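What follows is each chain in one-letter form.
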Amino acid sequence: MSLRNDWTFEEIQAIYHKPLLDLVYEAATVHRNNNIASDVQICTLLSVKTGGCTEDCAYCPQAARYNTGLKAHKLLDVDDVLSKAQEAKENGSTRFCMGAAWREMRDNRDFEKVLDMVKGVNQIGLEVCCTMGMLTEEQAVKLKEAGLSAYNHNLDTSEDYYDKIITTRTYEDRLKTIGHVRKAGISVCSGGIIGLGEDETARIGMIHTLANLPQHPESVPVNALVPVEGTPLEEQKRVSAFEMVRMIATVRIVMPKTQVRLSAGRLDMSVAEQALCFMAGANSIFAGDKLLTTPNPNYTDDMAMLDILGLKPLEPVTVNEIQTTAVCHHEH
Ligand code: SAM
Ligand code: DTB
Ligand code: SF4
């Protein structure tokens, strides 16, 4: 089956609204036809610069304007980051994702430090991902040259709902950065959050935009809002696991080869609920007891879960290998 990027909103809507078990069955079939369903990518997150962010993202504990009691810190030292990356590797992670609470990347000393972090993590033999806000085309090229595998930049929600959540930058800005990342030859990681108060039209709208990008993102994180005290969304009701399943299954069906990451919100889900997410096509998680600033299931419990479900952590593919194996990328 070839990949499509001409999905209509109505087609995706019809998939999204199927009876849940029919939806899961179809997504599971698509997943098995396109991927090795027992492989799960394990990613580790590290917040390399925490808090004090100028933006107003309504969900985010790191925005300076909200009082969330978060302990902010400046950009960590390269050596500290590399020792965390080494630890992540020893724990079986294949991708190391560094997050910084910035509106955008600046061309300053910090950028040079980030380039050193990327080089170092790559040398350790991990795929390297960054999520640090908006990038210019030139910055994306420099990150690629330093060995960056992927860049995470979420659409977060639909274009129509976006300004209810963020006003300090536009949807267009997000799409531009994604374009710069793609053009530099870096893998695109882009997804969103459910539980922000959006309706199903907004959820479907976000999937519609992602699926119709010129090329599907290599990975799509699906986050459930983790409501944090002090943020405007602190009172939001947590989404049910079945809403996560519906999102994941729909993403899997319209983007068959994409890595679908069951991201924030796992701490509230049972193993049985997560099993349904894997059945519906999720094939990546963040492991380690912290996401960026909020807690995540502990590593030992996660490994026990994968074992129960017969899933196994994926082997790492580093930048050099990606280049040499690119030709057979679509063969399995
Ligand atoms: N500052 C950069 C940016 O916004 O692109 C990178 C870091 S930002 C924290 C990365 C992503 O984390 C956001 O796009 C959002 O999807 C997710 N996120 C942040 N806070 C969250 C929360 N409370 N619950 C779920 N996801 C959250
Ligand atoms: C993504 O989509 N989810 C991750 C990662 N990309 C950077 C972050 C989730 C953050 C959850 C809230 C926190 O821990 O601060
Ligand atoms: Fe800043 Fe990113 Fe949080 Fe928005 S999501 S406030 S840009 S750290």
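The preceding data block contains the structure.
Before going into details, it helps to say that this report is about the structure given with it. (Residues numbered from 1 in each chain as written. Chains lettered and ligands numbered in written order. Predicted model: local features only at pLDDT ≥ 70, side-chain atom pairs only at ≥ 80, totals over all residues. Heavy atoms only, no water.)

Here the focus is the site of ligand 2. All residues in the neighbourhood of ligand 2 are listed as Leu45, Pro61, Thr131, Asn152, Asn154, Pro221, Asn223, Phe286, Leu291, Leu292, Thr293 and Thr294. Note that an oxygen atom of ligand 2 is positioned 2.9 Å from one of the side-chain N or O atoms of asparagine 154. Here an oxygen atom of ligand 2 and a backbone polar atom of leucine 292 are 3.1 Å apart. With the chains in place, 88% of the 400 Å² that ligand 2 exposes on its own is no longer accessible. (Near = heavy atom within 4 Å. Polar contact = N/O pair within 3.5 Å; in protein donor to acceptor, adjacent residues only side chain to side chain. Areas by Shrake-Rupley, 256 points an atom, 1.4 Å probe, with all protein chains shown as cover.)

Before going further, it helps to examine a nonpolar patch on the surface. Taken together, the side chains of Val271, Ile308 and Leu309 present a nonpolar region at the surface, about 250 Å² in accessible area. Inspection of the secondary structure puts leucine 309 in helix 11 (residues 299-309). Judged by relative accessible area, leucine 309 falls into the partly exposed class, the value being 30%. (Patch = residues over 30% accessible without salt bridge, like charges linked within 9 Å, V, L, I, M, F, W, Y side chains within 5 Å. Salt bridge = Lys/Arg side-chain N within 4 Å of Asp/Glu carboxyl O. Helix = DSSP H or I, 4+ residues; strand = E, 2+ residues; numbered from the N terminus. Buried < 20%, exposed > 50% of the residue type's maximum accessible area, 1.4 Å probe, protein only.)

Under the counting rule described, the total for this entry stands at one aromatic pair. A centroid spacing of 5.2 Å and a plane angle of 70 degrees characterise the contact between tyrosine 162 and tyrosine 171, whose relative ring orientation is edge-to-face. In terms of burial, tyrosine 162 and tyrosine 171 fall into one category: buried. Above the face of the tryptophan 7 ring, arginine 4 is positioned so that its terminal group lies 4.0 Å from the ring centre. The aromatic ring of tyrosine 16 is capped on one face by arginine 246, whose charged end is 5.9 Å from the ring centroid. (Phe/Tyr/Trp six-rings, centres within 6.5 Å; stacked < 30°, edge-to-face > 60°. Lys NZ or Arg CZ within 6 Å of the ring centre and 35° of its normal.)

What follows deals with the layout of surface pockets. When its volume is computed, the second largest pocket comes out at roughly 520 Å³. Lining the second largest pocket are 24 residues, with Leu45, Leu46, Lys84, Asp289 and Lys290 positioned closest to its centre. Counting residues per element, the ones that place at least two in the lining of the second largest pocket are strand 1 (39-49) and helix 3 (78-90). It is strand 1 that provides the largest number of residues to the lining of the second largest pocket, a total of four residues. Residue composition of the lining of the second largest pocket, by class: 10 nonpolar, nine polar and five charged. (1 Å grid on protein atoms, 1.4 Å probe; cavity = no way out; pocket = protein on both sides within 12 Å on 5 of 7 lines; lining within 4 Å. Points joined across faces, edges and corners; volume = space filled by probe spheres on them. Nonpolar A, V, L, I, M, F, W, Y, C, P; charged D, E, K, R; others polar.)

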